Amino acid sequence: MIFTLLVLIAFQLAGELLIQLSGLPVSGPIAGLLLLLIALTLVPQLAERLRQNVNRLIALLPLLLVPPSVSIIGYGDLLRDHGTAITAGLLISLIVALVVTGLALKGRTRA
Amino acid sequence: MSDLAKKLAQHPLFWIGVTLLAWQIGVWCHRRSGQHILIQPILIALLLTAVAVTFVDVPFDDYYADTRPIHLLLGPVTVALAVPLYFNLRLIARLWLPLTVALLLTGITAVALTVLIAKAFGAPELILATLAPKSVTGPIAMLVAHDLAGLPGLAAVLVLLTGVAGAVIGPPLLHRFGVQDDAAVGFALGLSAHAVGTARAFAISDRCGAFAALDMGLMGVTTAILLPLAWPLFF
């Protein structure tokens, strides 16, 4: 597990560094994700080595999201004022996006 | 509240303990319900923790600072998403063209439609920037919402709600439009309903799940790169 964490932290820091140097408008962890993806393509053994522990970490992702999500306790007024706009925007676009993707791929995914 | 309880709540481990306990209760409820799609551990954990924070009456910023050891891991775990993305990309390399077209079509539809509708209902830019990344996985949505000057925490909650709604209405809706192939259903679920949709897709079949996971990863990365670039053109 320590090796996995070390790799992930190293790639996140490398991502942060890349952004500092290049000024690209991408977040550090996303740059780190892309750098790791390139590294895995070049060194497939690394992917096998990381696989098991990474799956364990990703299973905990929802837990990591609990603390930032608790911030909604401060957004009561905002949600009351714009609840309709948020619900309509979410639901309508969700339905359309589901149908558009489904239809775009219908009959085109025979591997 | 008694002085003793107040002292306990000030211990640096208290809020980490509360959050882990709420999560454990959520996991337990999820299992007990036969892994019901609406009984998500995070929904229950969020509800219980929010009630505890309100009841003890600590400012959110204090709670957030005390639980830093938990959410500090969000960055490394976001980087870790490269690993399943790598394996899933290898799995379906031959289908890259239809998948790329579907990805761009839905990506643009999802973001543009969400923002336009919310704007038509009079939502301010703060809300629009929070809503825009609602179709990508939680940690990436938070990063994008932050980049667009929205509210990352609220974005994470909206992502969760979108995921649950998509996982519930997705499969019957797609079948009604005659979309039967597991890969197409999986891709649609991953693209529109990310993590919860992916879990639902794995319940349909492994192939369905792999396509959902692939799409969740691709959509997350694409949105994280393109949305912050495109946003200033419109606002």
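Residues numbered from 1 in each chain as written. Chains lettered and ligands numbered in written order. Predicted model: local features only at pLDDT ≥ 70, side-chain atom pairs only at ≥ 80, totals over all residues. Heavy atoms only, no water.

Draft legend 1. Spatial organisation of the layout of surface pockets. Within this model, the largest pocket holds a volume of roughly 1,300 Å³. The wall of the largest pocket is formed by 41 residues, among which A:Ile58, A:Ala59, A:Pro62, B:Ala195 and B:Ala199 lie closest to the centre. Sort the elements by how many residues they give to the lining of the largest pocket and helix α12 (residues 182-204) of chain B lands first, with eight residues. When its volume is computed, the second largest pocket comes out at roughly 480 Å³. B:Ile108, B:Val111, B:Ala112, B:Leu227 and B:Ala230 are the residues nearest the centre of the second largest pocket, which is lined by 18 residues in total. At the level of secondary structure, the elements contributing two or more residues to the lining of the second largest pocket comprise α8 (96-120) and α13 (206-234) of chain B. (1 Å grid on protein atoms, 1.4 Å probe; cavity = no way out; pocket = protein on both sides within 12 Å on 5 of 7 lines; lining within 4 Å. Points joined across faces, edges and corners; volume = space filled by probe spheres on them. Helix = DSSP H or I, 4+ residues; strand = E, 2+ residues; numbered from the N terminus.)

Draft legend 2. How the structure looks around the environment of B:Val196. Residue and element names in this part refer to chain B. Residue position: Val196 is located in helix α12. On the accessibility criterion, Val196 (7% relative accessible area) is buried. Along the chain, Val196 and Lys7 lie 189 residues apart, while their C-alpha atoms are 38 Å from each other. For Val196, the contacting residues outside a window of four places in its chain are Ile37, Gln40, Leu160, Gly163, Val164 and Ala167. (Buried < 20%, exposed > 50% of the residue type's maximum accessible area, 1.4 Å probe, protein only. Contact = heavy atoms within 4.5 Å.)

Draft legend 3. Representation of a nonpolar patch on the surface. The grouping of B:Trp96, B:Leu97, B:Val101 and B:Leu105 at the surface amounts to a nonpolar patch, some 410 Å² of accessible area in total. Take B:Val101: it is sitting in helix α8. (Patch = residues over 30% accessible without salt bridge, like charges linked within 9 Å, V, L, I, M, F, W, Y side chains within 5 Å. Areas by Shrake-Rupley, 256 points an atom, 1.4 Å probe, with all protein chains shown as cover. Salt bridge = Lys/Arg side-chain N within 4 Å of Asp/Glu carboxyl O.)

Draft legend 4. Layout of the packing of aromatic side chains. Throughout the structure, instances matching the rule amount to five aromatic pairs over all chains. Their ring planes at 80° and their centres at 5.7 Å tell us that B:Trp15 and B:Tyr63 sit as a pair that is edge-to-face. Of this pair, B:Trp15 sits in helix α2 (residues 14-32) while B:Tyr63 sits in helix α4 (residues 60-66), placing them 48 residues apart in sequence. For the pair formed by B:Trp15 and B:Tyr63, the shared burial category is buried. Members of the aromatic cluster, each reached through a chain of ring pairs, are B:Phe14, B:Trp15, B:Phe60, B:Tyr63 and B:Tyr64. Taking NZ or CZ as reference, A:Arg51 lies 3.7 Å from the ring centre of B:Phe87, over its face. (Phe/Tyr/Trp six-rings, centres within 6.5 Å; stacked < 30°, edge-to-face > 60°. Lys NZ or Arg CZ within 6 Å of the ring centre and 35° of its normal.)

Draft legend 5. Structural view of the pattern of salt bridges. All names here are of chain A. This structure, assessed with the given rule, holds two salt bridges over all chains. A salt bridge links Arg51 to Glu48; the nearest nitrogen and oxygen atoms lie 3.9 Å apart. Of the two residues, Arg51 and Glu48 both sit in helix α3 (residues 44-59), three residues apart, roughly one turn of that helix. Residue class for Arg51 comes out partly exposed when judged on its relative accessible area of 36%. For Glu48, a relative accessible area of 46% puts it in the partly exposed group. In this structure, Arg80 engages Asp77 in a salt bridge whose closest nitrogen and oxygen atoms are separated by 3.1 Å. A residue pair is termed a helical-turn pair when its members lie 3 or 4 positions apart in one helix, as Arg80 and Asp77 do in helix α5 (residues 76-105) at three residues. Accessibility classification places Arg80 together with Asp77 in one group, the exposed group.

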